[in-house]
Amino acid sequence: MSSTTVRATDWRNISQFRKGLVTDMHQPSRRDYVSINFGHRSGSYNNGKHWRKQSCWRKWKQLSRLQRSLILFILVLLFICLIASYPTVTEHLRDGHQDTDSNSAMKPFIPQMLPEPVKRGQPPMQEQPSQRKLSNKRRPPVLNHLQKKGNTSDTGAVDKAADSIKKKGKEQGVISWHGAMIDINHNTERTKNGENKEGSPPNQKAKFSKESEAVRLAAVQEAFRHAWKGYKDFAWGHDELKPISKSYSEWFGLGLTLIDALDTMWILSLKEEFEEAKAWVAAELTFNKNVDVNLFETTIRILGGLLSTYHLTGDTLFLDKAKDIGSRLMPAFNTPSKIPYSDVNIGKGTAHPPHWTSDSTVAEVTSIQLEFRELSRLTQKPQYQDAVAEIMKQIHKLDGKLDGLVPMFINTNNGQFTHQGIYTLGARADSYYEYLLKQWIQGGKKEDQLLEDYLQAIEGVKKNLLQKSSPSGLTFVGEVSHGQFSSKMDHLVCFLPGTLALGAYNGLPSDHMDLAKQLMETCYQMYTQMETGLSPEIVHFNMHQGSTRDIDVKLADRHNLLRPETVESLFYLYRFTKDHKYQDWGWEILQNFNRYTKVPSGGYTSINNVCDPDYPSPRDKMDSFFLGETLKYFYLLFSDDFNVISLDQYVFNTEAHPLPIWASA
Ligand code: DMJ
């Protein structure tokens, strides 16, 4: 028997051979089917004495190789499940055992890659005197002012009429909604640097110097450079950086992060970085690839990113690329219902729904309009705008809504809503509401149907989804599932304060701004009440009297993916109110991203556990929206120059790519 043969022979046979238990290596006494029997064996159990004397070790040795392997496998599996389901356990076991990613071979020891957790009051970055302290994370906030304000869900007579929208008249830019006169030209009155007249700055202004603005802007630039370094060093030209394993992941194979980040670099004045990215687009980016891409994600990140970069720079390289990807996405619309499929092969020109269903997600098919409408305007080809307008037209007429709120799925064959009964402002529905308002703004506030659907939906939110938490009375947006209210709120819902504020700024009812401010406070509390000062992906609000805290987080929901929604809303709230507290909240969040998600070798990582500041447990992924959205909104939030992407001239797509408002284009 050669040594090679010995190595190939299983270890159990060898050890048995050594002990003389196996006389013929080629006929091992084992069974290759699974039968684990720790009980009585014929011939070995007479009066019970002999059986009790057998040691566990002998019983173990009597098992077949397959049986032992199976038991070991189950034990290992249980061990992994234990670690995965209770992240704090990993803190004690992290010396060599932690691995939450399937690509474990590429990953070095994780915890050492993260910065040492910074003790509260010992910031790694220069802090402003105004920065709120992060102590007492678990305590409920002092929010008496909210409780005194009353319940915004008490919409009274307005709600009763919410499902019967009647536009009573429209004269010279003034329309009526439930008796309220809406001045859609409201935002045309500006001070000279584009500020809104509404809400003169609160008296905190004196505390904030130009220097603090400069420090904060520089901190965002620094954060971007750090993220970019990781991407450049380990993931250049690929979709997403895996900063812990110093590698990358591919989704579509189109340089997603690089394209998503182009206009951010331009806005942040990172010229050098922009130029190297532009050179890659010119030399390397090709859409003539046999790959399936998701219509929505490719539209908002790639088409949106290229269009906005074209507008900001005037460089036709980006317009040409936008035209190319736009036309390659069009096969998605060739369906029996004209409701597009989720996936397109941009090389073959074929499209299909996911393998398990013929449904598409409502948010996905209704959040591609800004980009395709703009593509039509730029190319003078109506087919793009026609395709996406058809979706809005159909959904406007569709049965199955709850006071303007839409279900999460729509069938591509018959064009009907499916899986009805669940209504949420979170995943799978969120940006439907955002794009109703933003299309209306993009088109110069002329498309009444979009406005009607938006206003009705907001009334539907107030009537069905809005509640107050206990004990502090935080206003939150829950969900309805088959008639039952659930106090679950995704972090994704935190786009809503910004959207409501944008609507109010554009002349919609002022109570939208009131609600925006209350929800903004709630979204901030989702950060500041966590031990890391970072929000989890999903929270549940307590509603019963006697609760000791407002926010609960389930074990499975404790991750933070570096999402932008709260920072995005802070940006809008600051622009429209000029209340510096929104900048302060953002500053606090940025520093917590730096504390808990910054990877020393470059890049930022999503984390598994926002409740454990000692071991937030990195997930080893930096989504492209961290550069495309989160850092961009931080920068714009901290900038007091409101002409940097003026909201009178631009409307942001749902991936934070600014597109021109047509009236001002
Ligand atoms: C982004 O891709 C977009 O903002 C989208 O609308 C929602 N999800 C991510 C960010 O969280």
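The structure this text deals with has already been given above.
Read on for an overview of the structure. Residue numbers here run from 1 along each chain, matching the order of that chain's written sequence. Thresholds applied to this predicted model are a pLDDT of at least 70 for local features of residues and 80 or more for the giving and counting of side-chain atom pairs; totals over whole chains, interfaces and linings are not thresholded and use all residues. Excluding hydrogens and water, the side-chain figures rest on all heavy atoms present in the structure.

1. With respect to the site of the ligand
The immediate surroundings of the ligand are formed by Ile300, Arg301, Leu492, Arg563, Pro564, Glu565, Phe625, Glu629, Thr654 and Glu655. Here an oxygen atom of the ligand sits 2.6 Å away from a polar atom, N or O, in the side chain of glutamate 655. Computed with the Shrake-Rupley method and a 1.4 Å probe, the accessible areas treat only the protein chains shown as cover for residues. Within the complex, 91% of the 290 Å² of free accessible area of the ligand lies under protein. Cavity membership is defined here by more than half of the atoms lying within 2 Å of grid points; on that basis the ligand lies in the largest pocket. Think of it this way: any DSSP run of H or I at least four residues long counts as a helix, any run of E at least two long counts as a strand, and we number them from the N terminus. For the shell around the ligand, the secondary structure elements donating two or more residues are α12 (295-313) and α23 (624-638). We call a residue near a molecule or strand as soon as one heavy atom of that residue lies within 4 Å of the molecule or strand. Residues adjacent in sequence count toward polar contacts only when both atoms are side-chain atoms; beyond that, a polar contact is any pair of N or O atoms within 3.5 Å, and within protein one must be able to donate a hydrogen and the other to accept it. Throughout, the protein atoms alone are placed on a 1 Å grid, and a set of points is a cavity if a 1.4 Å probe fits but cannot get out or a pocket if it is open with protein on both sides within 12 Å along at least five of seven lines; lining residues have an atom within 4 Å of a point. Assignment to a cavity or pocket requires that more than half of a molecule's atoms be within 2 Å of the site's grid points.

2. Structural notes on a nonpolar patch on the surface
Patch definition: residues with relative accessible area over 30% and no salt bridge; like charges joined within 9 Å; nonpolar side chains (Val, Leu, Ile, Met, Phe, Trp, Tyr) joined within 5 Å. Just to be clear on terms, a salt bridge is a Lys or Arg side-chain nitrogen sitting within 4 Å of an Asp or Glu carboxyl oxygen. There is a patch of nonpolar side chains on the surface, built from Leu72, Phe73, Ile74, Leu75, Leu77 and Leu78 and spanning about 580 Å² of accessible area. Residue position: leucine 72 is located in helix α5 (residues 65-85). Buried residues are those whose accessible area, probed at 1.4 Å on protein chains only, stays under 20% of the maximum for their type, while exposed residues exceed 50% and partly exposed ones sit between those limits. The class of leucine 72 is partly exposed, set by a relative accessible area of 41%.

3. Things to note about the sheet that holds strand β11 (residues 417-418)
The strands making up a sheet associate through hydrogen bonds between their backbones, and the pairing can be parallel or antiparallel. Read across the sheet, three strands follow the order β9-β10-β11 without closing on themselves; strand pairing throughout is antiparallel. Two strands lie at the open edges of the sheet, namely β9 (359-361) and β11, each paired on one side alone. At least two DSSP bridges between two strands are required for those strands to pair. Alignment of β9 against strand β10 (residues 409-411), held across three bridges, turns out to be antiparallel. Directly across from aspartate 359, in β10, lies its bridge partner asparagine 411.

4. Details of the state of the cysteines
Two cysteine sulfurs form a disulfide in these notes if their separation is within 2.5 Å. In total, this model carries one disulfide according to the counting rule given. One disulfide in the model links cysteine 494 with cysteine 523; its S-S distance is 2.1 Å. On the S-S bond that ties cysteine 494 to cysteine 523, the torsion sits near -100°, and the link is left-handed. With cysteine 494 in the loop between β17 (488-490) and α19 (496-505) and cysteine 523 in helix α20 (residues 510-528), this pair connects stretches of sequence that are 29 residues apart. The residues cysteine 494 and cysteine 523 share a single accessibility class, namely buried.

5. Some words on the packing of aromatic side chains
Stacked, tilted and edge-to-face are the three classes assigned to paired rings of Phe, Tyr and Trp, where Trp is represented by its six-membered ring and a pair needs centres within 6.5 Å; plane angles under 30 degrees give stacked, over 60 edge-to-face, the rest tilted. Here the structure, examined in full by the defined rule, presents 26 aromatic pairs. Each ring, one from tryptophan 587 and one from phenylalanine 638, has its centre 5.8 Å from the other, and the planes form 80°; the classification is edge-to-face. Taken together, the positions of tryptophan 587 in helix α22 (residues 581-596) and phenylalanine 638 in helix α23 put the pair 51 residues apart, joining distant regions of the chain. In terms of burial, tryptophan 587 and phenylalanine 638 fall into one category: buried. Members of the aromatic cluster, joined through ring pairs, are Tyr505, Phe571, Tyr572, Phe576, Tyr633 and Phe652.

6. Side note on the packing of helix α13 (residues 316-329) against helix α15 (residues 369-379)
For helices, the axis comes from a line fit to the C-alpha atoms of the stretch in contact; other axes are also lines fit to C-alpha atoms, and the angle between any two N-to-C directions lies between 0 and 180 degrees. For the pair α13 and α15, the least separation of the axes is 11 Å and the interaxial angle reads 120°. The orientation of α13 with respect to α15, classified from their angle, is oblique. For the pair α13 and α15, the crossing hand works out as left-handed. Mapping the contact onto sequence places Leu319, Ala322, Lys323, Gly326 and Leu329 in α13 and Phe372, Leu375, Leu378 and Thr379 in α15. Polar here means any residue other than Ala, Val, Leu, Ile, Met, Phe, Trp, Tyr, Cys and Pro, which are nonpolar, and Asp, Glu, Lys and Arg, which are charged; Gly is therefore polar. Of the residues contributing to the contact of α13 with α15, the split by class is six nonpolar, two polar and one charged. When describing relative orientation, an angle under 35 degrees is termed roughly parallel and one over 145 degrees roughly antiparallel, while 65 to 115 degrees is termed roughly perpendicular and anything else oblique. Two helices cross in a left-handed way if the nearer one is turned anticlockwise from the farther one by less than a right angle. They cross in a right-handed way if the turn is clockwise. Contacts: residue pairs with any heavy atoms within 4.5 Å of one another.

7. Notes on unusual backbone geometry
Backbone torsion omega between serine 470 and proline 471 reads 10°, so that peptide bond is classified as cis. Along the chain, proline 471 turns up in the loop between β13 (466-468) and β14 (475-477). Residues other than glycine seldom take positive phi values, yet arginine 428 does so here, at roughly 80°. By the secondary structure assignment, arginine 428 is in the loop between β12 (422-423) and α17 (430-442). Relative accessible area serves as the criterion here: at 40%, arginine 428 is assigned to the partly exposed category.

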